[in-house]
Amino acid sequence: MTRKDFDHGALGLSDPTLLIQHARIGDAWVDAEDRATLSVANPSTGAAIGTVPACGATEARAAINAAAEAFGPWRRTTAGYRADILERWHALILANISDLARIMTAEQGKPLAEAEGEIRYAATFVKWFAEEGRRISGHDVPAPTSDRRILVTKEPVGVSAAITPWNFPAAMITRKCAPAFAAGCTMVVKPSELTPFTALALALLAERAGFPPGVFNIVTGLPEGIGGELTGNPIVRKLSFTGSTRVGALLMRQSADSIKRLSLELGGNAPFIVFDDADVDVAVAGAMLSKFRNAGQTCVCANRLLVQDGIHDAFVARLGAAVAALRVGDGFAAGTTIGPLINRAATAKVAEHLDDALSRGAVIAASAVSSLDPARFAAPVVLTGATDAMRLASEETFGPIAPVFRFRREEEALALANATPFGLASYFYTNDLHRAWRVAEALEFGMVALNSGTVAMEMAPFGGIKQSGLGREGGREGIEEYLEPKAFHWAGLKPA
C-alpha cells in the first residue's frame, strides 16, 4: 500500500512526510485489515492530530511473521554492518530533531524544549548500542581434559517485541530497539495508542538509514489484541515492556506458556531523601529535575520527598519559590515549563491525591499558577505535613505534586523510603561520606542517586527490583538482554 502522509501545516514540520498514519509491517506501510482507525489527540486541546490503524491480532501476527522472515538474514550480518546502520539512524534522528520534537509535543504535550531533550536522549541509545554491538564477545572455559575445548558464544535471542509507554515515546523505543538490533534481533513494536506518531517517524528514519524490511515493525492500536498475540505467539522469544505493575504482571502470566524472556520496567514510588548536612540549593535543583520533568509523569520521579528536621523549613521555602516560578501551558507556547497531563484520567488521579492529602492534614506550601482547564492541566504543588496515611505515600501519583515528609533520624528515613513494594529509583542528598555508603547500601532500589536528581543515561543499567520489574535497559547489561549464551563443547581433539 502506498504510504499517505498528513498535511498538517499547524505543526510546522520541515519534512511533513515524518507524520505518518499507517502501521509498518515488513516492507510496507499498511492499514488495519478492516480499515478501522484510532484517533490521536493533542492533550493540551483535545483536538485531533490524525488517525492510525486500529490493528489487532491479525496485524500483529503478520508483523511477527515479517520479523521472523527477516531474522535469519539479519542475524548473519556482521556486528559492524549492523553498527553502521545504527549510526546512520542516529544521524538521521539528530538531523530531524526539530520535527520529531514537534510531533512529540503535539501528541504527548510536553514542552517543546523538553521534547527536543528527549529526542537527543533517545539518540544516545542508538549511538551507544551501535558501539556495544561491535563488542559482543564470548569466552573460553578451561576444560576438564586435554582432548576437549569449551567455547561460550553469544547469539541473538530471536524475534523480539516491545510494548512502549506514552510518557517517553521516543526514548523508550530506542532504549529497547537499539540493543536488539545491535545484537542481531528483529523487532515488533506496539507503541502507546496515545503517542504512536513518534514511533512511526522513528521507523521511517530507520527505513531511510537502511534497515532491511521486517527488521523493525510498528503495529498501532489498542493493547488487548496486539498484546495477546505478542505474548501468545511462540515465534516471539523476548518481550520488553514499560508500564504499570498491574499490566506487567498480566503480560508475565500471558508469556508463561511459551517461557519468553522478559524485561519489565514497571511502577515506582521513588523516595527523595535530604539530610541535614546536604547542600540545600543542590537538593532543590535535584528535586525540581526529578519531580517535575514531564509534569511528574515519569516512573523515576520523586514521589516522596523526605527531609530531615533541621533543614526542612529552608528546603521547603526554596523549593516553593522554584515551583511558584514554573509556567503551566501548552507545550508549543513560549516559556512553558509544565505541559498538560496525558488525559483526564491522569488529572483526576492527581486531584484525588491532592484532595486526600489535604483532608488528612497536609498543607499547600506553594504552587504554580494555572487558569487552564483542570481536566487537562495540573498546577505543580508543594505539600508539607505529608504522612504515610495519605494515598500519595503508597501510590504513584504520576503528576506534579511534591509531598514533603519530615523526619528526624537516618533510620526513620530509611524505614520510610523502603516501606513500599516498589524498588525502581531512589535519591538522597548528604555530604557525609560515611552516611553516603550506609544509605546507598540500605536503600532497596535498583537505582540509587547521591546528590543528583537523575538516574537515566545510556551507559548505565536502568531497572528495578521487587514489584518494579525484571531485567535492565541501557549500559552493557542492556544488550545482554537480547543475547543467549551457547556453550560449545568440542571433544576428541588429538594432542600435538
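Notes on the structure follow. Think of each chain on its own: its residues are numbered from 1, step by step along the sequence as written. Confidence filtering applies because this is a predicted model: local features only for residues at pLDDT of at least 70, side-chain atom pairs given and counted only at 80 or more, and all residues used for totals across whole chains, interfaces and linings. The side-chain numbers reported here are obtained from all heavy atoms of the structure, hydrogens and water having been left aside.

### A short note on the sheet that holds strand E22 (residues 483–490)
1) Next: Two strands are counted as paired when DSSP detects at least two bridges linking them. Strands are runs of DSSP state E lasting at least 2 residues, helices are runs of H or I lasting at least 4, and numbering of each runs from the N terminus. Read from one edge of the open sheet, three strands run E5-E6-E22, paired in antiparallel fashion. Each edge of the open sheet carries a strand with a single partner, namely strand E5 (139–141) and E22. Strand after strand, the sheet turns through a mean of 30° between neighbouring axes, direction not considered.
2) Next: Pairing of E5 with strand E6 (residues 149–156), which is carried by three bridges, proceeds in the antiparallel orientation. For Val141, the partnering residue across the bridge sits in E6 and is Ile150. To obtain an axis, a line is fitted to C-alpha atoms, over the contacting stretch when the element is a helix, and the angle between two such axes runs from 0 to 180 degrees between their N-to-C directions.

### What about the side chain of Thr420?
1) Next: Turning to its location among the elements, Thr420 is positioned in the loop between helix H13 (410–418) and strand E17 (422–423).
2) Next: Under this definition, polar contacts are N or O atom pairs within 3.5 Å; protein pairs additionally need one hydrogen-donor-capable and one acceptor-capable atom, and for neighbouring residues in sequence, both atoms have to be side-chain atoms. Among the polar contacts made by the side chain of Thr420, one reaches the main-chain amide nitrogen of Phe422 at a distance of 3.1 Å.

### Considering the nonpolar core
1) Next: Counting 68 residues, the largest nonpolar core has Ile273, Val274, Val300, Leu305, Phe315 and Leu319 as the members making the most contacts within it.
2) Next: With six residues, the top contributor of residues to this core is helix H9 (residues 280–292).
3) Next: Excluding residues that lie within four positions of it along the chain, Val274 makes contacts with Ala283, Leu306, Val307, Gln308, Ile311, Phe315, Phe407 and Tyr429. Here, the term nonpolar core denotes a set of buried Ala, Val, Leu, Ile, Met, Phe, Trp, Tyr and Cys residues that are joined through side-chain atoms within 4.5 Å. Relative accessibility decides the category of a residue: with a 1.4 Å probe and only protein chains considered, values under 20% of the type maximum give buried, values over 50% give exposed, and everything between is partly exposed. Residues count as neighbours in contact if any of their non-hydrogen atoms are within 4.5 Å of one another.

### Structural notes on the sheet that holds strand E14 (residues 363–367)
1) Next: Within the open sheet, the seven strands sit side by side as E14-E15-E16-E13-E12-E18-E19. Their pairing is mixed. Only two strands of the sheet have a single neighbouring strand rather than two, namely E14 and strand E19 (447–450). Taken pair by pair, the neighbouring strands of this sheet meet at an average axis angle of 20°, ignoring direction.
2) Next: Of the pairings in the sheet, the one linking strand E18 (residues 425–429) to E19 comprises four bridges and is parallel in character. From the neighbouring strand, Ala425 faces E19, where its bridge partner is Met447.
3) Next: Its contacts with the sheet put helix H11 (residues 344–359) on E14, strand E15 (381–384) and strand E16 (401–407), and the angle it makes with E15 is roughly 25°.

### With respect to the packing of aromatic side chains
1) Next: In this scheme Phe, Tyr and Trp rings, the latter by its six-membered ring, pair at centre separations within 6.5 Å, and the angle between planes marks the pair as stacked below 30 degrees, edge-to-face above 60, and tilted otherwise. The tally for this structure, following the rule as stated, stands at 13 aromatic pairs.
2) Next: Ring centres of Phe272 and Tyr429 lie 4.9 Å apart, and the angle between their planes is 35°; this geometry places the pair in the tilted category. Taken together, the positions of Phe272 in strand E12 (residues 270–274) and Tyr429 in strand E18 put the pair 157 residues apart, joining distant regions of the chain.
3) Next: Accessibility expressed as a relative area gives 0% for Phe272, which makes it buried.
4) Next: Measuring from centroid to centroid gives 5.6 Å for Phe275 and Phe407, while their planes differ by 85°, and the two rings are edge-to-face. Here Phe275 is found in the loop between E12 and H9, whereas its partner Phe407 is found in strand E16, with 132 residues between them in sequence.
5) Next: One aromatic cluster is present, built from ring pairs that chain together Trp74, Tyr81, Trp89, Phe181, Phe211 and Phe216.
6) Next: The criterion for a charge sitting over a ring is simple: Lys NZ or Arg CZ within 6 Å of the ring centre, and within 35 degrees of the ring normal. A cation over a ring is seen here: Arg175 above Phe462, with NZ or CZ 4.0 Å from the ring centre.
7) Next: Over the ring of Phe445 we find Lys466; its NZ or CZ atom is 5.7 Å from the centre of that ring.

### So, a nonpolar patch on the surface
1) Next: Residues with no salt bridge and a relative accessible area higher than 30% make up the patches, which join like charges within 9 Å and nonpolar side chains (Val, Leu, Ile, Met, Phe, Trp, Tyr) within 5 Å. Using a 1.4 Å probe, the Shrake-Rupley method yields the accessible areas, and only the shown protein chains count as cover for residues. A pair is scored as a salt bridge if a Lys or Arg side-chain nitrogen falls within 4 Å of a carboxyl oxygen belonging to Asp or Glu. Residues Leu151, Phe488 and Trp490 make up a contiguous nonpolar surface patch of about 300 Å² in total accessible area.
2) Next: By secondary structure assignment, the location of Trp490 is in strand E22.
3) Next: Residue class for Trp490 comes out partly exposed when judged on its relative accessible area of 45%.

### Re the pattern of salt bridges
1) Next: According to the stated counting rule, one finds 29 salt bridges in the structure shown.
2) Next: Of the charged contacts, one joins Arg134 and Asp84 as a salt bridge, the two residues approaching to 3.0 Å between their closest N and O atoms. Placement of Arg134 in the loop between helix H4 (112–133) and E5 and of Asp84 in helix H2 (residues 79–95) is noted, with a sequence separation of 50 residues between them.
3) Next: Look at Arg134 and you get partly exposed, because its relative accessible area is 46%.
4) Next: For Asp373, the salt bridge is made with Arg376, and the minimal N-O distance between the two is 3.8 Å.
5) Next: A residue is classified by how much of its surface remains accessible, and Arg376, at 19% relative accessible area, is buried.
6) Next: Taken together, the salt bridges that share partners define one network made up of Arg175, Lys176, Glu265 and Glu473.

### Observations regarding the pairing of strand E13 (residues 302–308)
1) Next: Counted residue by residue, E13 has seven buried out of seven residues, so it is predominantly covered.
2) Next: With five bridges connecting them, E12 and E13 associate as parallel partners. Across the sheet, the residue bridging to Val274 is Val307, located in E13.
3) Next: Direction of pairing for E13 relative to E16: parallel, over a ladder of four bridges. Along E16, the bridge assignment pairs Gln308 with Phe407.

### A short note on helix H14 (residues 433–442)
Given 3.6 residues per helical turn, the α-helix brings residues three or four places apart onto the same face.
1) Next: All buried positions along H14 are accounted for by Arg435, Ala436 and Val439. Projected down its long axis, H14 shows its buried positions confined to an angular sector of 105°, all on one face. When the buried face of H14 is taken as reference, the exposed residues oriented beyond 90 degrees from it are Leu433, His434, Trp437 and Glu441.
2) Next: Buried residues along H14 sit in contact with E13, H13, E18 and E19. Taking the helix axis as origin, the arc is that swept by the directions to the C-beta atoms.

### Observations regarding the packing of helix H3 (residues 97–108) against helix H6 (residues 196–209)
1) Next: Taken N-terminus to C-terminus, the directions of H3 and H6 make an angle of 160°; their axes are 8 Å apart at the nearest point. Accordingly, the angle class assigned to the pair H3 and H6 is roughly antiparallel. The segment H3 lies against H6, with Leu100, Ile103, Met104 and Glu107 engaging Pro196, Phe197, Thr198, Ala201, Leu202 and Leu205.
2) Next: Considered class by class, the residues forming the contact of H3 with H6 number eight nonpolar, one polar and one charged. Throughout this description, any angle smaller than 35 degrees is read as roughly parallel, any larger than 145 degrees as roughly antiparallel, any in the 65 to 115 degree range as roughly perpendicular, and the remainder as oblique. Note that Gly is not counted as nonpolar here; it falls among the polar residues with everything else outside the nonpolar set of Ala, Val, Leu, Ile, Met, Phe, Trp, Tyr, Cys and Pro and the charged set of Asp, Glu, Lys and Arg.

### Remarks on the packing of H3 against H4
1) Next: Close contact between H3 and H4 brings their axes to 8 Å; oriented N to C, the two are set at 120°. Taken together, the axes of H3 and H4 are oblique relative to one another. The way H3 lies across H4 gives a crossing that is right-handed. Between H3, through Ile97, Leu100, Ala101, Arg102, Met104 and Thr105, and H4, the contact on the second element is made entirely by Leu112, Ala115, Glu116, Glu118, Ile119 and Arg120.
2) Next: Across the contact of H3 with H4, the residue classes break down as seven nonpolar, one polar and four charged. In this scheme the handedness of a crossing depends on how the near helix is turned from the far one: anticlockwise by less than a right angle means left-handed, clockwise means right-handed.

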